[in-house]
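Here is how the chains run, residue by residue.
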Amino acid sequence: MKKTILLLLLIPFQLFVIAQETYTIQAHFPNFPNSKYELKGYNGLQQTTLSTTESKEDGKFTLTYPASYTGVAQLYMNGAYQNLFLLNKENITMYWEDLTNRDAMQLTGSKEYDAFIKGMKTFQDSEAKLAGLHYLIPLYAADSLKQKQFIDELDVVSNSFPRYVKSLPDTLFTRQYLLTKGLIEQMPNSVKTYSWRAPAHVPEFMAIDFKALKHVGLYKDVIEGYTNLVERFPLEEVYPLLNHAIDKVISELKDEPTILQNITQQWFTLLESKSLFKSAEHLALAMLNDNCVLDIKSKNRYEQYRALAVGKTAPNINLAKNKTLKKLKNKYKLVVFGSSWCAGCKTEYPKLIESYQNLKEKYNLEVVYISLDEDKTTYSNYYKKAPFITYCDTKSYETQSAKDYYVFATPTYFLLNKDLKIEAKINNVAHLKAWLKANH
């Protein structure tokens, strides 16, 4: 008898545990029967489908999401976006008769969504008032008392949204979402108009829990926004602020290797495009030195900053007819890795031919063009008019020099001195000319 009672007690407990493995969104769109619904979430930078279903004749439908998913999801009806959800172990009920009227939507059972709506209203109100006060303050330059009142009000208004976010309990995911989303929305305006607000965004960025953003889809936007913001700070502050941010993101996402690799690849490309090379190098070395999981392309990109940094000695290259790169006596040697099939090479190769003779005479420069073509005939036909040294062993990226120089894309340029010391990483022919002119 005791065993039977114990078994009966265990059964509802087990059912309770199983029930909590998934949570539901029970919705009713009475005017949209027999419609298809999809709940899409995020995993790092990628969007993913959490659940799909179809509504019944009465327009009712149910979507589910796993208890392990804490983040943002978007509801699509028949392929069209309808609404945003913040999911965090809540069973949500939704009624929406007129989909053209968002105010008519009734959503219950979600503290996350309630906090989000209140937060967005606080944000919109504060930004609107901020714009008005920013306009009024200069107009009252002659009335110091009135101007001071506006300035004091400006301080209150500008802090209303951050204050609301800080007031939210840590248990609400909405806190992290609003912090991040608000920052993304504010940073461009701070760059263009409210420069006085920009320094406050630094601690706000550092307060973000990047691991908590795994299912949000905002990594790219917040990192780009922060980089665009910080690059306009005084020069002596730019690299320390960027490098500190890089260390934070790498540290917090180290247990998410795929997401970390995708994010740092995009950030690295952004830093290089903005010529923020010191921070690009910092990111590369941090990813390599922390033994982060990397694919071969990323590893080669980063190794160019560790093994082939400016100032280091580049590897020698064996060329045809017993020639080597080191034996060339020129003051400068431009090593180019390219191919006949590369779009960027097709644009830059003719420019290099056109500029070669003048650069050689003016700066004592020699060009060594390593083709990564795999067909000897194609190589011979394409490069037969090259006035400089070309070489191809048809091994593509497996050619020894491409491996030694950690080549991951074409065209890739290295400007060396006569002793193979790396003078500069060159982007294109125009960059080569500008560098040579600036250094002579």
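Nothing here was measured: the structure is a model prediction, and the numbers come from that model.

## What to know about the overall build of the chain
Then, number 1: If you tally the helices and strands in the chain, you get 14 helices and 13 strands.
Then, number 2: Taken over C-alpha atoms, the radius of gyration comes to 29 Å for the chain, far larger than the 22 Å a tight globule of 440 residues would show.
Then, number 3: Seen through its principal axes, the chain has C-alpha atoms that stretch 90 × 80 × 45 Å.
Then, number 4: Counting the 440 residues in the chain, one finds 45% classified as buried.
Then, number 5: For the chain, restricting intrachain contacts to residue pairs at least 6 apart in sequence, the fraction spanning at least 24 positions comes to 63%.
Then, number 6: For the chain, the accessible surface area stands at approximately 22,900 Å², while carbon and sulfur atoms represent 53% of it.

## Here we look at the packing of helix 7 (residues 235-252) against helix 8 (residues 257-273)
Then, number 1: Close contact between helix 7 and helix 8 brings their axes to 11 Å; oriented N to C, the two are set at 165 degrees. Classed by the angle they form, the pair helix 7 and helix 8 counts as roughly antiparallel. In the packing of helix 7 onto helix 8, the handedness of the crossing is left-handed. Contact with helix 7, carried on its side by Leu242, Ala245, Ile246, Val249 and Ile250, involves Leu260, Ile263, Thr264, Trp267 and Leu271 of helix 8 and no other residues of that element.
Then, number 2: Classifying every residue of the contact of helix 7 with helix 8 gives 9 nonpolar, 1 polar and no charged.

## A short note on the sheet that holds strand 12 (residues 412-417)
Then, number 1: Read across the sheet, 5 strands follow the order 11-10-9-12-13 without closing on themselves; strand pairing throughout is mixed. Sheet topology places strand 11 (389-391) and strand 13 (422-426) at the edges, where each strand pairs with a single neighbour. Along the sheet, successive strands turn relative to each other by an average axial angle of 20 degrees, direction set aside.
Then, number 2: Pairing between strand 9 (residues 332-338) and strand 10 (residues 365-371): 7 bridges, direction parallel. Bridging from a neighbouring strand, Val335 pairs with Val368 of strand 10.

## With respect to helix 9 (residues 277-289)
Then, number 1: The end-to-end C-alpha separation of helix 9 is 18 Å, in line with the 18 Å expected for 13 residues at 1.5 Å each.
Then, number 2: Taken together, the buried positions of helix 9 are occupied by Ser279, Ala280, Leu283, Ala284, Ala286, Met287 and Leu288.
Then, number 3: Taken together, the buried residues of helix 9 touch helix 7, helix 8 and helix 10 (296-306).
Then, number 4: Where helix 9 terminates, the next one or two residues include Asn291, which has phi positive at roughly 55 degrees.

## What about the environment of Val429?
Then, number 1: Within the secondary structure layout, Val429 lies in helix 14 (residues 429-438).
Then, number 2: On a C-alpha basis, the gap between Val429 and Pro350 in space is 9.9 Å, while along the polypeptide they are 79 residues apart.
Then, number 3: Not counting residues within four places of it along the chain, the set of residues in contact with Val429 comprises Glu348, Lys351, Leu352 and Ser355.

Quick notes on the rules
- Residues numbered from 1 in each chain as written.
- Predicted model: local features only at pLDDT ≥ 70, side-chain atom pairs only at ≥ 80, totals over all residues.
- Heavy atoms only, no water.
- Helix = DSSP H or I, 4+ residues; strand = E, 2+ residues; numbered from the N terminus.
- Rg over C-alpha atoms; globule rule 2.2 N^0.38 Å.
- Buried < 20%, exposed > 50% of the residue type's maximum accessible area, 1.4 Å probe, protein only.
- Contact = heavy atoms within 4.5 Å.
- Areas by Shrake-Rupley, 256 points an atom, 1.4 Å probe, with all protein chains shown as cover.
- Axes fitted to C-alpha atoms, helices over the stretch in contact; angles between N-to-C directions.
- Parallel < 35°, antiparallel > 145°, perpendicular 65-115°, else oblique.
- Left-handed = near helix turned anticlockwise from the far one by under 90°.
- Nonpolar A, V, L, I, M, F, W, Y, C, P; charged D, E, K, R; others polar.
- Pairing = 2+ DSSP bridges.
- Expected span 1.5 Å × (residues − 1).

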